[in-house]
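# Tertiary structure, described
Residues per chain are reported as follows:
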Amino acid sequence: LRGFKDDGYCLEGTSYWHYGFGFFLTYADMIKTYTNGEVNYFEREKVRKIATFIQKMFLSETCSVSFADGDLSLKYHLGTLHYLKKLYPDDVKVFSPEYSYQKDGCSRFCLLVRSAAWLDEDIYKNPEENEALAEYYAKDSQWFIKRAAGYGFAAKAGYNNEHHNHNDVGTFIFAKDGKQLIADIGRGVYCKQYFKTETRYGMIECSSLGHNVPHFGENGAQSFGTKFAARDVSYEDGSFSMDIADCYDDECVRSVKRTFTATPDAVKLKDVFVYDGDGKIYERFASFEEPVIDEKTVKLGSCEISYDSSSCNASFTSVVTSKNLTVYLIDFELKDGVYEFEAT
């Protein structure tokens, strides 16, 4: 339980919620039975909050929040959610079986057998609607999630030494039509280099250069470590703001005030910089969709980003991830003397 924040969010990603919390439920169920209810973890408020995490991670259809080593697409574990629904009927939502899976990629027996043992036919046949309109803010984890009628959005603050860490403070996701259009690449291929600090953050999946955050000069990426954290984080009525300057090991980066404002129709991003360096300031967006750039907009599938071409120049390159996915990196290069960036 110490691996979760008090707000119940799993910073490691959705697959680790299924993995860690799935094994916890297995244990907690058995110990409750063995002690005739004397040891009952389900009475704890933190456990109830953790139980509601996964239903908040759907951004558009099964398109998921993929921060850290998360997955781009999400399906819930059938038995786990049915068990939790009976424990916390007023809090847990179980969506259509189309959103579920009944298998385990590593063939873990205890989760497989409980997917059958805990299945409830009534819950299965009477799913709840995955309503479009929802807004969540997790104060401890510093995540903001919004599902509007036409899009899904997620952004995070935090620090660069979280569980299964990526250097990604200030990043965000914009989803529509069941896809991430401004994307968080999520988990890379698990190999020795992926879990060694000296090589991990040279990989596009874990480097801030593969996330939707500013960078400074040619290689001005965020740094790894607990001290590289957001400050002045706040949320109020759809506006989520932070200063991410401390995430860059560069004394010339004095302030990066980043604000997201989510409305029913769009999300507005505004960055205000205090920067004393000689390098260029770049705003980077990542996408699996090939961009179409003109003087006022960047089109990514059904998403259109509007920006002020008088203050910056837009271009893109592409990279291939360890999972052989092509990612397009869109850079808005701020012109000399410009220290603000806005995009909608």
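Located above this text is the structure these notes cover.
Position labels on residues start from 1 in each chain and follow its written sequence. Local features in a predicted model are, by the rule used here, given only for residues with pLDDT of at least 70; side-chain atom pairs are given and counted only at 80 or more, and totals for whole chains, interfaces and linings are based on all residues. Each side-chain value is worked out from all heavy atoms of the structure, with water and hydrogens disregarded.

Strands sit in the order S5-S6-S7-S9-S10 across an open sheet of 5 strands; the sheet is antiparallel. With one partner strand each, in any of the chains shown, strand S5 (134-138) and strand S10 (179-182) form the two edges of the open sheet. Going across the sheet, the axis of each strand differs from the next one's by a mean of 15°, ignoring polarity. A pair of strands is considered paired only if DSSP assigns at least 2 bridges between the two. Helix numbers and strand numbers start at the N terminus; a helix is a DSSP run of H or I with at least 4 residues, a strand a run of E with at least 2. Pairing of strand S7 (residues 152-156) with strand S9 (residues 172-176), which is carried by 4 bridges, proceeds in the antiparallel orientation. The partner of Gly152 across the bridge, within S9, is Ala175. In this analysis, axes come from line fits to C-alpha atoms, helices being fitted only over the stretch in contact, and the angle between any two N-to-C directions falls in the range 0 to 180 degrees.

Geometrically, a packed helix pair is captured by the angle between its two axes and the distance between the axes. The N-to-C vectors of helix H1 (residues 14-34) and helix H4 (residues 109-117) enclose an angle of 70°; their axes lie 10 Å apart at closest approach. Between H1 and H4, the angle falls in the class roughly perpendicular. Residues His18, Gly22, Phe23, Thr26 and Met30 of H1 touch H4, and the partners they reach there are Cys110, Leu111 and Arg114. Just so you know the grouping, Ala, Val, Leu, Ile, Met, Phe, Trp, Tyr, Cys and Pro go in nonpolar, Asp, Glu, Lys and Arg go in charged, and all remaining residues, Gly too, go in polar. Considered class by class, the residues forming the contact of H1 with H4 number 4 nonpolar, 3 polar and 1 charged. Each angle gets one of four labels, with under 35 degrees taken as roughly parallel, over 145 as roughly antiparallel, 65 to 115 as roughly perpendicular, and the rest as oblique. We call two residues in contact when some of their heavy atoms are within 4.5 Å.

For the rest of this paragraph, the subject is helix H3 (residues 78-87). Counted residue by residue, H3 has 8 buried out of 10 residues, so it is predominantly covered. Exposure is judged per residue with a 1.4 Å probe applied to protein chains only, and the accessible area is read against the type maximum: over 50% gives exposed, under 20% gives buried, and values in between give partly exposed. Every buried residue belonging to H3 is among Leu78, Gly79, Thr80, Leu81, His82, Tyr83, Leu84 and Lys85, and all of these are buried. Buried positions along H3 lie against H1, helix H2 (45-51), strand S3 (76-77), strand S4 (100-101), H4 and helix H5 (121-125).

So, on to the environment of Gly79. Locating Gly79 in the fold gives a position in helix H3. With relative accessibility at 0%, the residue Gly79 sits in the buried group. The spacing of Gly79 and Leu119 is 40 residues in sequence and 5.0 Å in space, taken between C-alpha atoms.

This paragraph deals with H4. Turning to H4, its buried residues are Cys110, Leu111, Arg114 and Ser115. The buried residues of H4 occupy an angular sector of 140° when projected down its axis, which confines them to one face. Set apart from the buried face of H4 by more than 90 degrees, the exposed residues are Phe109, Ala116 and Ala117. If you follow the buried residues of H4, they end up packed against H1, S3 and H3. Directions drawn from the helix axis to the C-beta atoms are what define this arc.

A few words on the packing of aromatic side chains. Note on aromatic contacts: the rings of Phe and Tyr and the six-membered ring of Trp form a pair at centre separations within 6.5 Å, being stacked when their planes are under 30 degrees apart, edge-to-face when over 60 apart, and tilted otherwise. This model, assessed by the stated rule, comprises 39 aromatic pairs. With centroids separated by 5.8 Å and ring planes inclined at 90°, the aromatic side chains of Tyr9 and Trp143 adopt a geometry described as edge-to-face. With Tyr9 in the segment before H1 and Trp143 in strand S6 (residues 143-147), this residue pair connects regions lying 134 residues apart in the sequence. This pair shows no difference in class: Tyr9 is buried, exactly as Trp143 is.

Next up on the list: the pairing of strand S20 (residues 303-306). Burial along S20 is one-sided: Cys303 and Ile305 are buried, and none of Glu304 and Ser306, which face the opposite way, are. Alignment of strand S19 (residues 297-300) against S20, held across 4 bridges, turns out to be antiparallel. Paired with Leu300 across the bridge in S20 is Cys303. Taking the residues that link successive antiparallel strands as the turn, the S19-S20 hairpin has 2 residues, and the phi of Gly301 there is positive, at about 60°.

So, on to the packing of H1 against H3. It is the contact of H1 with H3, at a shortest axis distance of 11 Å, that shows an interaxial angle of 55°. By the criterion of interaxial angle, the relationship of H1 to H3 is oblique. Seen from above, H1 lies across H3 with left-handed handedness. Facing Trp17, Phe21, Leu25 and Asp29 of H1, the residues of H3 in contact are Thr80, Leu81, Tyr83 and Leu84. Throughout, a crossing is termed right-handed when the near helix is turned clockwise from the far one, and left-handed when it is turned anticlockwise from it by less than a right angle.

This part is about the sheet that holds strand S18 (residues 292-293). The sheet built from 3 strands is open, its strands ordered S18-S19-S20 with antiparallel pairing. The open sheet is flanked by S18 and S20, the only strands paired with a single partner. Judged from the 2 bridges that link them, S18 and S19 form a sheet pairing that is antiparallel. Residue pairing across strands places Ile293 opposite Val298, the latter belonging to S19.

Turning to unusual backbone geometry, a few remarks are in order. A positive phi angle is found at His164, which is not glycine, with a value near 50°. Looking at where His164 falls in the secondary structure, it is placed in the loop between strand S8 (159-160) and S9. In this structure, Asp237 takes a positive phi of about 50° despite not being glycine. Here Asp237 lies in the loop between strand S13 (231-236) and strand S14 (239-243). According to the relative accessible area criterion, Asp237 is exposed, its value standing at 70%.

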